[in-house]
Number of protein chains: 2
Amino acid sequence: MSSIKLTSLNPRFSDVQYAVRGELAIKAEKYVVQLKEHPNDHGLPFDKVVFTNIGNPQQRGLDQEPITFPRQVAALTEWPALAEKVKGLGVFPDDVVERARELEKEIGSIGAYSQSQGASFIRKNVAKFIEERDGYPASADNIFLTGGASAGVSLMISMLISSPKSGLLIPIPQYPLYTASLTQHGGLAIPYYLDESSAWSTSPQSVRAALEKARNEGIEPKALVVINPGNPTGSVLTKEVILELIDLAEKNNLVILADEVYQANIHHPTAQFTSFKKLVREANSPVPLVSFHSISKGVTGECGRRGGYFECTNFPEDVLALIYKMISVGLCPPLGGQIGVDCMVRPPKPGSPSYPLWKKETDATHKALAERTKLIAERLNALPGVSCVDSPGALYLFPRIYFTKKAVEKAKEAGKTPDTFYALALLDETGICVVPGDGFGQVEGQNHYRLTCLCAGVEEYVGKLEKFHRGFMAKYAD
Amino acid sequence: MSSIKLTSLNPRFSDVQYAVRGELAIKAEKYVVQLKEHPNDHGLPFDKVVFTNIGNPQQRGLDQEPITFPRQVAALTEWPALAEKVKGLGVFPDDVVERARELEKEIGSIGAYSQSQGASFIRKNVAKFIEERDGYPASADNIFLTGGASAGVSLMISMLISSPKSGLLIPIPQYPLYTASLTQHGGLAIPYYLDESSAWSTSPQSVRAALEKARNEGIEPKALVVINPGNPTGSVLTKEVILELIDLAEKNNLVILADEVYQANIHHPTAQFTSFKKLVREANSPVPLVSFHSISKGVTGECGRRGGYFECTNFPEDVLALIYKMISVGLCPPLGGQIGVDCMVRPPKPGSPSYPLWKKETDATHKALAERTKLIAERLNALPGVSCVDSPGALYLFPRIYFTKKAVEKAKEAGKTPDTFYALALLDETGICVVPGDGFGQVEGQNHYRLTCLCAGVEEYVGKLEKFHRGFMAKYAD
Ligand SMILES: Cc1ncc(COP(=O)(O)O)c(C=O)c1O
Ligand SMILES: Cc1ncc(COP(=O)(O)O)c(C=O)c1O
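Residues numbered from 1 in each chain as written. Chains lettered and ligands numbered in written order. Predicted model: local features only at pLDDT ≥ 70, side-chain atom pairs only at ≥ 80, totals over all residues. Heavy atoms only, no water.

- As annotated in an unreviewed UniProt entry, chain A carries the name PLP-dependent transferase and comes from Sistotremastrum suecicum HHB10207 ss-3.
- In its Subunit (unreviewed entry) section, UniProt records this for chain A: "Homodimer."
- Its UniProt record gives chain A the following Sequence similarities (unreviewed entry) comment, quoted word for word: "Belongs to the class-I pyridoxal-phosphate-dependent aminotransferase family. Alanine aminotransferase subfamily." (UniProt positions renumbered as here; feature names shortened; annotations may be inferred.)

Written as structure tokens, this is what we have:
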């Protein structure tokens, strides 16, 4: 008998919930193995699993092609001698060769630990990118490169929790990294609800109400988390709302954690991304702000490299030094991710040899995402018992389902929430993997699920969703 | 005034100490900038900074060349189309092309999140590597790929801490990741001292004594940390001691955390690495064991990729599931690191096209490390007031310095420990950056520093060390 037991381990770990890779995803992985091991007699009613549970564009089965430019740069930084070996053969565009050479000159080998905070050369490039985006100064000293946005979010949350009474305001529905990290590090979630009836908008009034309620319960609010564009909602905040939230955070001594990893994913011509940083500066606010970005999203979708950064605004020196110390224990973020960040903030410029291909590839993906999101939302809205906000941003839709009493009862019998029951049936019947709404949080008694709009072959995909849904509704008709 | 203040943050963060990238390293980085910005009038008594504070072989100034094979494989997985473009030109050896193709077939795009635990194909290869090393079965299900060993160590420590009274037995001197993670996650270090007088050996008796003392103080010991080969000591555990430690852990219900990242770094012909896993199996012990490995060390030194793994032995299913859930919150380890792990556990085989170069490169680095370690140890031992155990393993030496009363007094006046005072003077005078012994822990009143044996140009380097030391001793003679 092993002497390591669940009951002797960190009790907070057992409480952590992370549905994006939870029950559904684990079952889906098992189906993948089953299909692979028994290609001809797998006994399943589908031939492939479609992972629309996670924003992972290059995943097998979705197969969004990587953008060529960052991959060429990465190949040359991996094996710098290559440039010489293929010189004159036209294998690499000149700007790629130059970029790789510059990175090597500035950073050295990608096999060495960089500065803990990330290579200063790349941080300077990030600062320039932010300056151009916002029109306000940015400094490499305030920028920390990370292994994906996740690593930064988790660190910031653990830093902000100073006692078991520390709370963070979290939008509901949310990307569950937030509640998972809070639980892991012993803090409390203070939920504020987004308004589905007005396209998942954020109402500062509801944030204020949540804040007051938390204070009355003895919780000490430390920070306001905002995901813009939203996950799972895809909503994009207006300038007015952001300014109100900044004011609210300032008045209530909150740090703002602005998750802006989807800033490049805007599908509606009327929606526009505005960064919190820009408006903090515009409002001349002293509010401490951490904004997160990532190479996993946008149209690059380089999830596997694990690259991202966060920028601290209005942070005093000693707190920056504290962050530096903490990240230095983990040595440094992966250099492949850092190179990816450099390519994200310095894409090929018009006139450079790589520009035309880069433009073509990124335009095509933006277009495909916008079209697919619109199409899936329309088709879902046409189904009985479904309503779906057509997301203006990010990579997801979060349809609401109105279950029959019978379906709710059957779910209960199976020991599942209705949306988990539905999602499991969807997976079992079609191989499509989505995440039930309760993984993100929703108004008590409501039901949703989240799917990504990343799938190629959208017609076939939606067709399967529709067929399954109609069948499910018929089977459990009251 | 910013509303974020040190005093309002997680109080444990302020207590964390991590000297490897502490005061000395920060000052050294400033000198690098100074040298770069004022190449001709920097006003410093040296022209370059030598970072021997951290085991970072490919770092600029040390410039250990990367091993070619993993870099070629990585280049092709970054841009798979490249193989076709240079086909027939002899740019890549056939086995590299095959390996990259196999990895792509099995894993898909390296731009996609893999399974949270790491790609199963690579985990299977790790299992085979362990089986061949130990002669006992290993399973991919028990293996978790990580972003460097650090990530795994930190996670395991935070999982084992179930209350503020939880303690981990830590060797002193130790690699400060252990105490830093313990402090960060709210656990207690139970120090056991290694014996410098017998080449930094580990005495199970001293572990037992530490355990007893901790229990008497109301601490609940949860795990025994062992670093083998040692950092900073370079000592290599004998089979007998390992078996005793396994027995001790078993009897005391401890989990063993075996940090074996230096398993390939053995310099003495008489020393031999034996894994804890092998002996746990040999002893048929039910003791729960986590063993850590990394691509950062060995002779590959691919620190920047952030790759590694840990293997859990004698872990029940539910605990493995808990670990899986926790790592899934961070999505996955970097694919570049995972590819690096694959190359580490599946190096070119004799007879394959890449073998001769791989063999030449790895042999050369092993030889250089062994020679340099021996030479530096000899020269240090010849200095007045220095004694140094000649490390049989790892990448470091940890000389002891016997300071004069005057030096100790001067250090006190400067508000520094004697070894920090010494290391700062060394940096200021020569540009050599080492880490003072107090960063690793040492017997009260003793003084050491750690240096790596990675520097190219060892003669020049040792010459500077010697000159500085003699000068320092003369300056502060009693
Ligand atoms: C809102 C949000 N933040 C952060 C992340 C983390 O992404 P990564 O760690 O890959 O950068 C995700 C991933 O899906 C996300 O949706
Ligand atoms: C003993 C020991 N363990 C773990 C590590 C962590 O290395 P990495 O996270 O790069 O794998 C190091 C790095 O120096 C080390 O010396």
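Alright, that's what it looks like, and here's the rest.
### Brief notes about the interface of chain A and chain B
Part 1 of the reasoning: Each side of the interface is counted separately: chain A has 96 residues, and chain B has 96 residues.
Part 2 of the reasoning: Across the chain A to chain B interface the summed buried area is about 7400 Å²; carbon plus sulfur atoms make up 59%.
Part 3 of the reasoning: Between the two partners, chain A and chain B, sit four salt bridges.
Part 4 of the reasoning: B:K36 is paired through a salt bridge with A:E106; the nearest N and O atoms lie 3.5 Å apart.
Part 5 of the reasoning: Scanning the region where chain A abuts chain B turns up 42 residue pairs in polar contact (both at pLDDT 80 or more).
Part 6 of the reasoning: Elements represented by at least two residues in the side of chain A that touches chain B include exactly α1 (11-15), α2 (23-37), α3 (68-78), α4 (81-85), α5 (94-107), α7 (148-160), α8 (177-185) and α12 (317-329) of chain A.
Part 7 of the reasoning: In terms of residue count, α12(A) provides more of the side of chain A that touches chain B than any other element does, eight residues in total.
Part 8 of the reasoning: The residue makeup of the side of chain A that touches chain B, split by class, is 47 nonpolar, 29 polar and 20 charged. (Contact = heavy atoms within 4.5 Å. Buried area = accessible area lost by both parts, 1.4 Å probe. Salt bridge = Lys/Arg side-chain N within 4 Å of Asp/Glu carboxyl O. Polar contact = N/O pair within 3.5 Å; in protein donor to acceptor, adjacent residues only side chain to side chain. Helix = DSSP H or I, 4+ residues; strand = E, 2+ residues; numbered from the N terminus. Nonpolar A, V, L, I, M, F, W, Y, C, P; charged D, E, K, R; others polar.)

### A few points about the sheet that holds strand β6 (residues 255-259) of chain A
Residue and element names in this part refer to chain A.
Part 1 of the reasoning: Taken in spatial order, the seven strands line up as β2-β8-β7-β6-β5-β3-β4 in an open sheet, and their pairing is mixed. A strand with exactly one partner marks an edge of an open sheet, and here the two such strands are β2 (143-146) and β4 (188-193). The sheet shows a mean angle of 20° between the axes of neighbouring strands, direction not considered.
Part 2 of the reasoning: Across six bridges, strand β7 (residues 289-294) lies against strand β8 (residues 308-313) in antiparallel orientation. The residue bridging H293 from the neighbouring strand is Y309, located in β8. (Pairing = 2+ DSSP bridges. Axes fitted to C-alpha atoms, helices over the stretch in contact; angles between N-to-C directions.)

### Section: the site of ligand 2
Part 1 of the reasoning: Close to ligand 2 lie 16 residues; B:S150, B:N231, B:D259, B:Y262 and B:S294 are nearest.
Part 2 of the reasoning: This site is not confined to one chain, since residues near ligand 2 come from chains A and B.
Part 3 of the reasoning: The contact in question runs from an oxygen atom of ligand 2 to an N or O atom on the backbone of B:A149, over 2.7 Å.
Part 4 of the reasoning: In the model, an oxygen atom of ligand 2 is placed 2.6 Å from a nitrogen or oxygen of the B:Y262 side chain.
Part 5 of the reasoning: In the complex, the protein chains occlude 99% of the 390 Å² of accessible area that ligand 2 would expose alone.
Part 6 of the reasoning: Ranked by residues supplied to the shell around ligand 2, first place goes to helix α7 (residues 148-160) of chain B with three residues.
Part 7 of the reasoning: For the shell around ligand 2, the residue count by class is eight nonpolar, five polar and three charged. (Near = heavy atom within 4 Å. Areas by Shrake-Rupley, 256 points an atom, 1.4 Å probe, with all protein chains shown as cover.)

### With respect to the domain arrangement of chain A
Residue and element names in this part refer to chain A.
Part 1 of the reasoning: Segmenting chain A into domains produces domain 1 (6-64 + 360-475) and domain 2 (105-345).
Part 2 of the reasoning: Just the C-alpha atoms count here: the centres of domain 1 and domain 2 sit 27 Å apart.
Part 3 of the reasoning: Summed over both partners, the interface of domain 1 with domain 2 comes to about 2900 Å²; 59% of that surface belongs to carbon and sulfur atoms.
Part 4 of the reasoning: The interface formed by domain 1 and domain 2 includes zero salt bridges.
Part 5 of the reasoning: Applying the counting criterion to the domain 1 and domain 2 interface returns 18 residue pairs in polar contact (both at pLDDT 80 or more).
Part 6 of the reasoning: Those elements that provide at least two residues to the side of domain 1 that touches domain 2 are α1, α14 (355-381) and β10 (396-397).
Part 7 of the reasoning: Tallying contributions element by element places α14 first for the side of domain 1 that touches domain 2, with six residues.
Part 8 of the reasoning: Partitioning the side of domain 1 that touches domain 2 into residue classes produces 17 nonpolar, 16 polar and five charged. (Domains from an automatic or database assignment.)

### Some details on the side chain of B:S285
Residue and element names in this part refer to chain B.
Part 1 of the reasoning: In this structure, S285 sits in the loop between α11 (276-282) and β7 (289-294).
Part 2 of the reasoning: With relative accessibility at 5%, the residue S285 sits in the buried group.
Part 3 of the reasoning: In this structure the side chain of S285 is engaged in a polar contact, spanning 3.1 Å, whose partner is the backbone nitrogen of V287. (Buried < 20%, exposed > 50% of the residue type's maximum accessible area, 1.4 Å probe, protein only.)

### Details of the layout of surface pockets
Part 1 of the reasoning: The calculated volume of the second largest pocket comes to roughly 1600 Å³.
Part 2 of the reasoning: Together, 45 residues line the second largest pocket, and A:Q115, A:S120, A:R123, B:E29 and B:V33 are the ones closest to its centre.
Part 3 of the reasoning: Secondary structure elements with two or more residues in the lining of the second largest pocket: α5, α6 (120-134) and α12 of chain A together with α2 (23-37) of chain B.
Part 4 of the reasoning: Counting residues per element, the lining of the second largest pocket draws most heavily on α2(B), which supplies nine residues. (1 Å grid on protein atoms, 1.4 Å probe; cavity = no way out; pocket = protein on both sides within 12 Å on 5 of 7 lines; lining within 4 Å. Points joined across faces, edges and corners; volume = space filled by probe spheres on them.)

### Focus on the sheet that holds strand β6 (residues 255-259) of chain B
All names here are of chain B.
Part 1 of the reasoning: The seven strands are arranged β2-β8-β7-β6-β5-β3-β4 in an open sheet whose pairing can be described as mixed. Either end of the sheet is taken by a strand with one partner, and the two such strands are β2 (143-146) and β4 (188-193). When the angles between neighbouring strand axes are averaged without regard to direction, this sheet yields 20°.
Part 2 of the reasoning: Direction of pairing for β2 relative to strand β8 (residues 308-313): antiparallel, over a ladder of four bridges.

### Regarding the nonpolar core
Part 1 of the reasoning: Grouped together as the largest cluster of nonpolar side chains are 321 residues, with contacts concentrated most on A:L257 and B:L257.
Part 2 of the reasoning: If we skip the residues at most four places from it in the chain, B:L257 touches B:M156, B:I157, B:L160, B:L168, B:A223, B:L224, B:V225, B:V226, B:V290 and B:F292. (Core = buried A, V, L, I, M, F, W, Y, C linked by side-chain atoms within 4.5 Å.)

### Some remarks on the packing of α5(A) against helix α13 (residues 335-345) of chain A
Residue and element names in this part refer to chain A.
Part 1 of the reasoning: In contact at an axis separation of 12 Å, α5 and α13 are set at 125° when each is read in the N-to-C sense. The angle between α5 and α13 places the two elements in the oblique class. For the element pair α5 and α13, the recorded crossing hand is right-handed. The segment α5 lies against α13, with R99, L103 and I107 engaging L335, I339, D342 and C343. (Parallel < 35°, antiparallel > 145°, perpendicular 65-115°, else oblique. Left-handed = near helix turned anticlockwise from the far one by under 90°.)

### Quick word on the UniProt feature "domain: Aminotransferase class I/classII large" (unreviewed entry) in chain A
Part 1 of the reasoning: Per the UniProt annotation, the sites labelled "domain: Aminotransferase class I/classII large" (unreviewed entry) are residues 93-462 of chain A.
Part 2 of the reasoning: When the span residues 93-462 of chain A is considered, its composition is 44% helix and 15% strand, and the gap between its end C-alpha atoms is 39 Å.

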